[in-house]
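Observations on chain architecture
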Amino acid sequence: MKKTITILIVLAASMIPFVANAAAPKKGKKYVIGMSQCNLGEPWRVQMNADIRKAAESHPSLTVIFKDAQNDTLKQRAQIEEFINADVDLIIVSPKEAAPLTPPVTAAFRQGIPVIVLDRRVLGNRFTQFIGADNKLIGKNAGEWIARHAANLSRVKQGGKARIVELKGLMTSTPALDRHLGFLAGIKDAPVEIIFEADTKWLEPEARREMESALAVHREIDIVYAHNDPAAHGAYLAAKAAGREKDIVFVGIDGLMQEGQAYVRQGVLQASFEYPTGGAEAIENAVKILAGEKVPKEITLSGRSFTQE
Ligand code: FRU
């Protein structure tokens with residue numbers, strides 16, 4: 001009998017957090033949000049965390065626990081599992097890669113913990129909300145800008161094609177694939193050819209190395225299309241070291257004030273396309289979800305473009 005009562009108490013206790021999650025928030029209740037950031041190596045991700053922190057400051061009921069997965073997929077999986085075990089009230093995740101992060105996100109969602117997926121996607125739809133910009137559109141805009149620029153090159157005016165190097169992001173993460181597909185749509189029918197392409201994993205040193213290879217193999221390069229500003233900058237540094245930076249136009253994505261916009265102002269990049277972090281929107285929506293409000297499954301953010309013009 002004693003045993004049965006103990007089991008019942010344990011069972012009831014284990015249900016409390018679940019019930020608390022499902023119910024509308026009580027006045028004065030505190031909420032814990034677990035945020036798993038895939039890495040803090042790029043300024044863009046530091047900015048995302050800063051945006052989240054700033055937005056959360058105006059909600060005294062929220063405490064955000066930040067974890068940095070240091071670009072390690074296994075570590076990020078474990079972080080989400082830790083958040084589930086700690087029974088946080090909501091999880092925000094900016095995943096490194098789509099496929100391997102899908103199972104822990106699904107597990108959290110199935111257990112009744114709301115999950116906001118930010119910037120890079122997971123597979124399927126077992127999460128509460130996705131917030132991010134339209135990477136296909138960003139890639140298309142970059143492609144159309146490059147097509148317009150290519151039309152003015154003397155090589156093209158003489159009937160040739162502009163020679164492009166594409167430095168891709170990590171192709172197992174969704175923005176890289178979308179920025180590539182969007183780009184192809186943007187340069188469709190334009191007098192351009194991609195003469196070299198590589199997966200730089202979103203990393204500046206990797207992009208610099210790949211660009212060194214491209215420069216070694218190709219005597220003539222007109223344009224570098226990089227999937228993010230760190231890669232565009234890495235490519236610029238490689239070209240500069242080879243004394244060829246003035247022959248090439250560099251285009252990137254992210255458009256942070258302290259990074260891409262500054263590069264454009266300095267003349268390092270010709271164009272940078274903004275990729276908003278969504279940090280503020282994640283907190284805005286987290287508050288609604290915790291209050292029991294219905295939120296859209298997907299929020300698409302829009303960005304600006306910064307060019308020399
Ligand atoms: C930072 C970053 C950004 C890029 C985004 C894509 O890790 O590489 O530069 O726009 O991730 O998810």
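Residues numbered from 1 in each chain as written. Predicted model: local features only at pLDDT ≥ 70, side-chain atom pairs only at ≥ 80, totals over all residues. Heavy atoms only, no water.

If you check the domain split of the chain, you get domain 1 (7-132 + 278-296) and domain 2 (135-254). A separation of 35 Å is found between the C-alpha centroids of domain 1 and domain 2. Every contact between the two is made by nine residues of domain 1 and, on the other side, nine residues of domain 2. Taking both sides of the interface into account, the surface hidden between domain 1 and domain 2 amounts to around 800 Å²; carbon and sulfur atoms contribute 55%. There are zero salt bridges connecting domain 1 and domain 2. Joining domain 1 to domain 2, the criterion identifies three residue pairs in polar contact (both at pLDDT 80 or more). Among the residues forming the side of domain 1 that touches domain 2, the class breakdown is two nonpolar, one polar and six charged. (Domains from an automatic or database assignment. Contact = heavy atoms within 4.5 Å. Buried area = accessible area lost by both parts, 1.4 Å probe. Salt bridge = Lys/Arg side-chain N within 4 Å of Asp/Glu carboxyl O. Polar contact = N/O pair within 3.5 Å; in protein donor to acceptor, adjacent residues only side chain to side chain. Nonpolar A, V, L, I, M, F, W, Y, C, P; charged D, E, K, R; others polar.)

Before going further, it helps to spend a moment on the side chain of aspartate 222. Relative to the helices and strands, aspartate 222 resides in the loop between α8 (204-217) and β8 (223-226). Within the structure, the side chain of aspartate 222 is placed 2.9 Å from the side chain of arginine 155, a separation counted as a polar contact. A polar side-chain atom of aspartate 222 sits 2.8 Å from the main-chain amide nitrogen of arginine 163. In contact with aspartate 222, other than residues within four places in its own chain, are Leu153, Arg155, Lys161, Ala162, Arg163, Asp247, Ile248 and Val249. (Helix = DSSP H or I, 4+ residues; strand = E, 2+ residues; numbered from the N terminus.)

Counting buried residues along strand β3 (residues 90-94), five of its five residues qualify, which places the element largely inside the surrounding structure. Across the two faces of β3 the burial is the same, with Leu90, Ile92 and Ser94 and Ile91 and Val93 all buried. In this sheet, strand β4 (residues 115-118) lies alongside β3 in parallel orientation, the contact comprising three bridges. What sits directly across from isoleucine 91, in β4, is valine 115. Each parallel crossover has a hand, and the one from β3 via helix α4 (residues 98-110) to β4 is right-handed. (Buried < 20%, exposed > 50% of the residue type's maximum accessible area, 1.4 Å probe, protein only. Pairing = 2+ DSSP bridges. Right-handed = clockwise from strand over helix to strand, strands pointing away.)

A few words now on the packing of α8 against helix α9 (residues 229-241). Running from amino to carboxyl end, α8 crosses α9 at an angle of 45 degrees, the nearest separation of the two axes being 7 Å. Taken together, α8 and α9 sit at an angle that is classed as oblique. Regarding α8 and α9, the two cross each other, and that crossing is right-handed. Each of Glu204, Ala207, Arg208, Met211, Glu212 and Leu215 in α8 lies in contact with α9, whose residues at this interface are Pro230, Ala231, His233, Gly234, Ala235, Leu237, Ala238, Ala239 and Ala241. In terms of residue class, the contact of α8 with α9 is built from 10 nonpolar, two polar and three charged. (Axes fitted to C-alpha atoms, helices over the stretch in contact; angles between N-to-C directions. Parallel < 35°, antiparallel > 145°, perpendicular 65-115°, else oblique. Left-handed = near helix turned anticlockwise from the far one by under 90°.)

All right, on to the pairing of β4 then. Each regular strand shows side chains that alternate between the opposite faces of the sheet. Burial of the side chains of β4 extends over both faces: Val115 and Val117 are buried on one face and Ile116 and Leu118 on the other. Taken together, the three bridges between β4 and strand β5 (residues 129-133) define a ladder with parallel strand orientation. The residue of β5 that forms the bridge with valine 117 is phenylalanine 130.

Taken as a whole, this structure holds three aromatic pairs when the rule is applied. Taking 5.5 Å as the distance between ring centres and 80 degrees as the angle between the ring planes, the aromatic pair formed by tyrosine 236 and phenylalanine 250 counts as edge-to-face. Of this pair, tyrosine 236 sits in helix α9 while phenylalanine 250 sits in strand β9 (residues 249-254), and the two are 14 residues apart along the sequence. In this structure, tyrosine 236 and phenylalanine 250 share a single accessibility class: buried. For the cation-ring pair, lysine 29 lies above tyrosine 31, with the distance from its terminal atom to the ring centre recorded as 4.7 Å. The ring of tyrosine 275 carries arginine 179 above its face, with NZ or CZ at 4.3 Å from the centroid. (Phe/Tyr/Trp six-rings, centres within 6.5 Å; stacked < 30°, edge-to-face > 60°. Lys NZ or Arg CZ within 6 Å of the ring centre and 35° of its normal.)

Below, the discussion takes up the pattern of salt bridges. The final tally for this structure, using the stated rule, is 15 salt bridges. A salt bridge links arginine 121 to glutamate 298, with the shortest nitrogen-to-oxygen separation between them at 2.7 Å. In this pair, arginine 121 is assigned in the loop between β4 and β5 and glutamate 298 in strand β11 (residues 298-301), connecting sequence segments 177 residues apart. Judged by relative accessible area, which is 28%, arginine 121 ranks as partly exposed. Given a relative accessible area of 38%, glutamate 298 falls into the partly exposed group. Across the pair lysine 140 and glutamate 144 runs a salt bridge whose closest N-O atoms are separated by 3.2 Å. Of this pair, lysine 140 and glutamate 144 both sit in helix α5 (residues 135-151), four residues apart, which is roughly one turn of the helix.

The subject of this paragraph is the sheet that holds β8. Strand order across the open sheet formed by six strands is β7-β6-β8-β9-β10-β12, with mixed pairing between neighbours. For this open sheet the edge positions go to β7 (192-199) and β12 (305-307), each flanked by a neighbour on one side alone. Strand-to-strand, the axes of this sheet are offset by a mean angle of 15 degrees, without reference to chain direction. Relative to β9, β8 runs parallel, the two being bridged by three bridges. Residue pairing for β9: tyrosine 225 is matched across the bridge by valine 251.

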